[in-house]
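Reading the structure
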Amino acid sequence: MRVARQPLRVTPSNGPWPLLNSAATRGLEQQALAASPPGALMELAGLATARLAVALAPCAQRYQVWCGPGNNGGDGLVAARHLHQLGKQVQVLLVADAARLPTDAAQALVRATAAGMRVQQANNPSSETDFIVDALLGLGATRAPSGKLAQAITTINASGQPTLAIDMPSGLHPDTGAVLGDEAVAANHTLSLLTLKVGCFTHQGRDHAGQVWLDNLGQTSEDASAWLNGAPSMPSRAHASHKGSHGDVAVIGGAPGMTGAAWLAASAALAAGAGRVYCSLLEHGPGMPPPQRPELMMRAQWWLEPPAVLARCTVVCGCGGGDAVAAALPALLSHAQRLVLDADALNAIAADSALAHLLRSRANKSLPTLLTPHPLEAARLLGHSAAAVQSDRLAAACELAKRFAATVLLKGSGSIIAAPGLTPIVNSSGNAALATAGTGDVLAGWAAGLWAQQPDAAAQTVASAAAWSHGHAADLFAQDHPGRPLRAAALIEALLHAS
């Protein structure tokens, strides 16, 4: 981990970054506390918060600092004192019993009072404020806030004022990114202390954390519960190369009424750089390529080709496959050298134990597989509900990877890329512009197109690169078209130009 002399802005372009869960962060915190004078770590945290607050809102004069019952509240008290000493008007709202504060937080309260500040209970907060600091719960949130803490969160969100959360937005689970109760603080910025927490980057975390900053307070750790990815290096193309140098992709999908999904996947594989792309539709006959993509080659029932032919391609199966895809899966699971399974292929495997056995057996034959489920497809494979998958996306992706001996790209906000025996990856890019039909088909095809060019690359590496590029294209689109959806066909062109 890099050592921060000042808060570092965490963006999709400047990764990778190590992410730590709450247990690992607590361990690092205990080491730092043992090596520091009493209160020293809290002083560093509060000073870093005050400096960032002023940098984010240099014209603000009226600050409101909400302090909770733990050390996160102590960090807020220190930040409030520094803001006060800078001449700012600071209203400190303590949502806690002052007599029961932890030792360092109690000392921070004494020092704030000694500096001439009035610390009041959060009974009648002023509505006249320019900037809010959330120091209610932070890393300590593991259950739904209640009583005055829940009321404080509601008041902060209703204010409409820019908000900086210390460590974690209050009410957000630090490991899963799930909102623990009815509401969590929707911060514009989050200053993560010591470590970056997984929960800020997946599930509901990105909606609540806003722009994340890191101040490691001079501490370093070699551990990572997961990695937040950064921009991948794209495969180079030698001058003397030809279409056969960049691999072949075969797309099997497109049952009657759903051929568009297969076309999207095939077109994306072509745009990603695959040398040749074949499309084998599950409707009757070989079909015709869409007029805007005459480069695609049609093959009827390609999965019935000899095993040696199946082994030469990177295969995408399932996009718009419907029930008909089940007939193609046994041959593909048995012989495809590199296999991307999406959508209805995953549903078929979830419903058929024989297909699930074939999938697990691929690892024994050194045949890598990438699964690209959305939460409901993941739930079917695991026998859970979609809500259970979403409640701990990291755990669900890792369980899927272990159960099927395959790499898993669990789609959603903060997509998770998990592989057996490897540290999982959280995707740092993307936004709600991708919430349109067909963008998942594009992702599957793009991943296959990258993999075809790098046949020896690990599936997790390919999946991470594909997810990041997919999200990055949407991020660039959103800059020019805020709030607008990105249609899947347009996403392919956006990917091509963003690469």
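Reference entry: report on the structure contained in this document.

The rules behind each value
- Residues numbered from 1 in each chain as written.
- Predicted model: local features only at pLDDT ≥ 70, side-chain atom pairs only at ≥ 80, totals over all residues.
- Heavy atoms only, no water.
- Buried < 20%, exposed > 50% of the residue type's maximum accessible area, 1.4 Å probe, protein only.
- Helix = DSSP H or I, 4+ residues; strand = E, 2+ residues; numbered from the N terminus.
- Contact = heavy atoms within 4.5 Å.
- Polar contact = N/O pair within 3.5 Å; in protein donor to acceptor, adjacent residues only side chain to side chain.
- Salt bridge = Lys/Arg side-chain N within 4 Å of Asp/Glu carboxyl O.
- Pairing = 2+ DSSP bridges.
- Axes fitted to C-alpha atoms, helices over the stretch in contact; angles between N-to-C directions.
- Core = buried A, V, L, I, M, F, W, Y, C linked by side-chain atoms within 4.5 Å.
- Phe/Tyr/Trp six-rings, centres within 6.5 Å; stacked < 30°, edge-to-face > 60°.

Turning next to helix α11 (residues 353-362). The set of residues buried in α11 consists of Leu355, Ala356, Leu359, Ser361 and Arg362. Where α11 is buried, its residues contact α9 (329-335), β16 (338-341), α10 (344-351), β17 (369-371) and α14 (393-404). Where α11 starts, the residue carrying a side-chain oxygen 2.9 Å from the main-chain nitrogen of Ala354 turns out to be Asp352.

The tally for this structure, following the rule as stated, stands at nine salt bridges. A salt bridge links Asp130 to Arg62, with the shortest nitrogen-to-oxygen separation between them at 2.9 Å. Here the residue Asp130 occupies a position in the loop between β5 (119-121) and β6 (131-135), and Arg62 occupies one in strand β3 (residues 62-67), the gap between them amounting to 68 residues. Given the relative accessible area of 22%, Asp130 is considered partly exposed. Under the relative-accessibility criterion, Arg62 is labelled partly exposed at 30%. Salt bridges sharing common partners tie together Glu43, Arg81 and Arg111.

This brings us to the environment of Gln292. Looking at where Gln292 falls in the secondary structure, it is placed in the loop between β13 (276-281) and β14 (297-298). Separated by 25 residues in the primary sequence, Gln292 and Ser267 have C-alpha atoms spaced 9.7 Å apart.

Among the five residues of strand β8 (residues 189-193), five are classified as buried, and the element is accordingly described as predominantly covered. Of the two faces of β8, the one holding His189, Leu191 and Leu193 and the one holding Thr190 and Ser192 are both buried throughout. Of the strand pairs in this sheet, strand β7 (residues 163-166) and β8 are connected by three bridges, and their pairing is parallel. The residue of β8 that forms the bridge with Ile166 is Leu191. The sheet contact formed by β8 and strand β10 (residues 211-215) spans five bridges and is parallel. Following the sheet pairing, Ser192 is matched in β10 by Leu214.

Attention now moves to the sheet that holds β10. The eight strands lie next to each other as β1-β10-β8-β7-β6-β3-β4-β5, forming an open sheet whose pairing is mixed. Only two strands of the sheet have a single neighbouring strand rather than two, namely β1 (8-9) and β5. The pairing of strand β4 (residues 89-94) with β5 spans three bridges and is parallel. Counterpart to Leu93 in the pairing with β5 is Gln120. Running over the sheet, helix α5 (residues 147-159) touches β3, β6 and β7 and is turned about 155° from β3.

Moving on to the sheet that holds strand β11 (residues 226-228). Each strand in a sheet pairs with its neighbour through backbone hydrogen bonds, running either in the same direction (parallel) or in the opposite one (antiparallel). Here 12 strands make up an open sheet; going across it, the order is β9-β2-β11-β20-β19-β18-β17-β16-β15-β12-β13-β14 and the pairing mixed. In the strand order of this sheet, the two ends are held by β9 (196-197) and β14, each with one partner. Direction of pairing for strand β12 (residues 248-253) relative to β13: parallel, over a ladder of six bridges. Paired with Ile252 across the bridge in β13 is Ser280.

Membership of the largest hydrophobic core comes to 61 residues, with the highest contact counts inside it found for Ile252 and Leu341. Here the element with the most residues in this core is α14; it accounts for six residues. When neighbours within four sequence positions are excluded, Ile252 is seen to be in contact with Ser280, Leu282, Trp302, Trp303, Val315, Val316, Cys317, Gly318, Cys319, Ala328 and Leu332. Ala269, Val340, Leu443 and Leu450 belong to the second largest nonpolar core, which has 52 residues in total.

Counting buried residues along helix α12 (residues 375-382), six of its eight residues qualify, which places the element largely inside the surrounding structure. When α12 is considered as a whole, its buried residues turn out to be Pro375, Glu377, Ala378, Ala379, Leu381 and Leu382. Buried residues along α12 sit in contact with α10, α13 (386-391), α14 and β18 (407-410). One or two positions beyond α12, positive phi appears at Gly383, with a value near 75°.

The topology assignment puts Asp215 in strand β10. One polar contact links the side chain of Asp215 to the main-chain amide nitrogen of Leu217, over a distance of 2.8 Å.

What follows concerns the packing of aromatic side chains. Tallied over the full model, the rule gives one aromatic pair. Ring geometry for Tyr63 versus Phe131: centroids 5.6 Å apart, planes at 55°, classification tilted. Linking Tyr63 in strand β3 with Phe131 in strand β6, this pair joins segments that are 68 residues apart in sequence. Residues Tyr63 and Phe131 agree in their burial class; the two are buried.

Right, let's get into unusual backbone geometry. Residue Pro16 is bonded to the preceding Gly15 through a cis peptide linkage, with omega at 5°. Relative to the assigned elements, Pro16 resides in the loop between β1 and β2 (17-20). With a phi close to 55°, His203 is a non-glycine residue in the positive phi region. The topology assignment puts His203 in the loop between β9 and α6 (205-209). Residue His203 is classed as buried on the basis of its relative accessible area, which comes to 16%.

Our focus in this paragraph is the pairing of β18. Of the two faces of β18, the one carrying Thr407 and Leu409 and the one carrying Val408 and Leu410 are both buried. Relative to β18, β17 is paired through two bridges, and the arrangement is parallel. Residue pairing in the sheet places Leu371 in a bridge with Val408 of β18. The pairing of β18 with strand β19 (residues 416-418) spans three bridges and is antiparallel. Paired with Val408 across the two strands is Ala418, which belongs to β19.

Glancing now at the side chain of Thr190. As for its placement among the helices and strands, Thr190 is situated in strand β8. Its relative accessible area of 0% is what places Thr190 among the buried residues. Separated by 2.9 Å, the side chain of Thr190 and the backbone oxygen of Ala209 make a polar contact.

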